[in-house]
Amino acid sequence: MKKFNPNKNIIIMLLLVIVAVTVLSVTVARRTVSEKTIFPQSIMNDTVSFVDRIVSAPIRWVEKGASAVENLFVTYEENEKLKLKIDSFDEMVQKNKNNEREIATLKEELKLQSTLTNFEKITGNVITRSPDTWQEIIVVDRGSNDGVEENMAVLANHGLIGRVIEVNQQSSKVELLTSSNQSSNQFPVRISGKKGETFGILKGYDQEKNALIVEQLTGEATIEEGSVVQTSGLGGSSPADLPVGTTLKESKDRFGLTRQVYLKPYAQMTDLSVVTIIKREVGDE
């Protein structure tokens, strides 16, 4: 095996440099007298170009790769920013919908209150409604400090929704007309139709038909569908003329003995946010 001789390699390198310089000198000299590229110069130019491409190719590949990675990170950051903007936009849209819904509810409540000019009223917000007692009880943010008392009638969404059953200083419980407790949430009502007036007691709620039930009807006159139902004020448990709903149909009870009538309530009791508590009629002591 031959040993590596550094002196020999140095001599070869020097000879190559001398040849290159000589060729370059001849080329320069020739260029002064001729506009055409001479053969040695052409070979040298092609060689330099080829070597440049070979040497610079990995560098360009690395630069392109680095640029691609940088663009990838920039794109990722921009996507994250866009996601945040989209989430913020969706949140804003939902907030606007909630505000529109709240404004619509308040407008409806103002319309209701404009029809109750003969009553002293207390407006409150629903602060608690448990899923376990959704059809039974709501809690409002008005209590004895605001003048609320037990058995006061409560309205919302165009009509009667229930009665106050418990009063604290800052809050009160309201039992809804949709409650299954038929004994405590009864209202005397008046049904006004083309054939006159019929009186009865609001005593129940049919969840399947989404209808209130009036029993103990007076008289024998047939009740027409669409007749207006209001509180009668009889018995003194609630003021008269509070809107309740309109009649759907007259039927017999489950035993087929007594008359009863289903009525569609004015109030939508599945969605309650603002309520009006009726203290008393104006002028009552």
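Let us look at the structure shown here.

**Considerations on the side chain of Asn-157**
Along the chain, Asn-157 turns up in the loop between strand 3 (153-156) and strand 4 (159-167). Within polar-contact distance, the side chain of Asn-157 engages the backbone oxygen of Gln-268 at 2.9 Å.

**Some details on the pairing of strand 4**
Pairing analysis gives four bridges linking strand 3 to strand 4, with the strands arranged antiparallel. Bridged to Leu-155 within strand 4 is Leu-160. Here strand 3 folds back onto strand 4, and the loop between the two strands holds two residues, one of which, Asn-157, carries a positive phi near 50 degrees. The pairing of strand 4 with strand 5 (residues 172-176) spans five bridges and is classified as antiparallel. Along strand 5, the bridge assignment pairs Gly-162 with Leu-176. The turn linking strand 4 back onto strand 5 is made up of four residues.

**Some points on the nonpolar core**
Core analysis: the largest hydrophobic core is formed by 37 residues, its most contacted members being Ile-138, Leu-160, Ile-161, Leu-202, Val-244, Val-275 and Ile-277. When residues in this core are grouped by element, the largest group, four residues, is from strand 3.

**Description of a nonpolar patch on the surface**
Taken together, the side chains of Ile-11, Leu-15 and Ile-18 present a nonpolar region at the surface, about 300 Å² in accessible area. With respect to the helices and strands, Ile-11 occurs in helix 1 (residues 6-33).

**Structural notes on the environment of Ala-240**
Tracing the chain through its elements places Ala-240 in the loop between strand 9 (228-231) and strand 10 (243-252). Along the backbone, Ala-240 and Val-189 are 51 residues apart, and their C-alpha atoms lie at a distance of 8.3 Å.

**Some words on the pattern of salt bridges**
A side chain of one charge can pair with a side chain of the opposite charge if their charged atoms are brought near each other. This model, assessed by the stated rule, comprises six salt bridges. A salt bridge links Glu-197 to Arg-190, with the shortest nitrogen-to-oxygen separation between them at 3.6 Å. Where Asp-241 meets Arg-190, a salt bridge forms, and the shortest distance between an N and an O atom there is 2.7 Å. Note that Asp-241 is positioned in the loop between strand 9 and strand 10 and Arg-190 in strand 6 (residues 187-193), a separation of 51 residues in sequence. With relative accessibility at 39%, the residue Asp-241 sits in the partly exposed group. For Arg-190, a relative accessible area of 10% puts it in the buried group. A cluster of three or more residues bridged by salt bridges with shared partners is formed by Arg-190, Glu-197 and Asp-241.

**Focus: the sheet that holds strand 9**
Reading around the circumference, 6-7-8-11-10-9 is the order of the six strands in this closed barrel, with antiparallel pairing throughout. Across this sheet, the average inter-strand angle for adjacent strands is 45 degrees, counted without regard to direction. Taken together, the seven bridges between strand 10 and strand 11 (residues 259-265) define a ladder with antiparallel strand orientation. Of the residues in strand 11, the one forming a bridge with Glu-250 is Val-261.

About the criteria used
Residues numbered from 1 in each chain as written. Predicted model: local features only at pLDDT ≥ 70, side-chain atom pairs only at ≥ 80, totals over all residues. Heavy atoms only, no water. Helix = DSSP H or I, 4+ residues; strand = E, 2+ residues; numbered from the N terminus. Polar contact = N/O pair within 3.5 Å; in protein donor to acceptor, adjacent residues only side chain to side chain. Pairing = 2+ DSSP bridges. Core = buried A, V, L, I, M, F, W, Y, C linked by side-chain atoms within 4.5 Å. Buried < 20%, exposed > 50% of the residue type's maximum accessible area, 1.4 Å probe, protein only. Patch = residues over 30% accessible without salt bridge, like charges linked within 9 Å, V, L, I, M, F, W, Y side chains within 5 Å. Areas by Shrake-Rupley, 256 points an atom, 1.4 Å probe, with all protein chains shown as cover. Salt bridge = Lys/Arg side-chain N within 4 Å of Asp/Glu carboxyl O. Axes fitted to C-alpha atoms, helices over the stretch in contact; angles between N-to-C directions.

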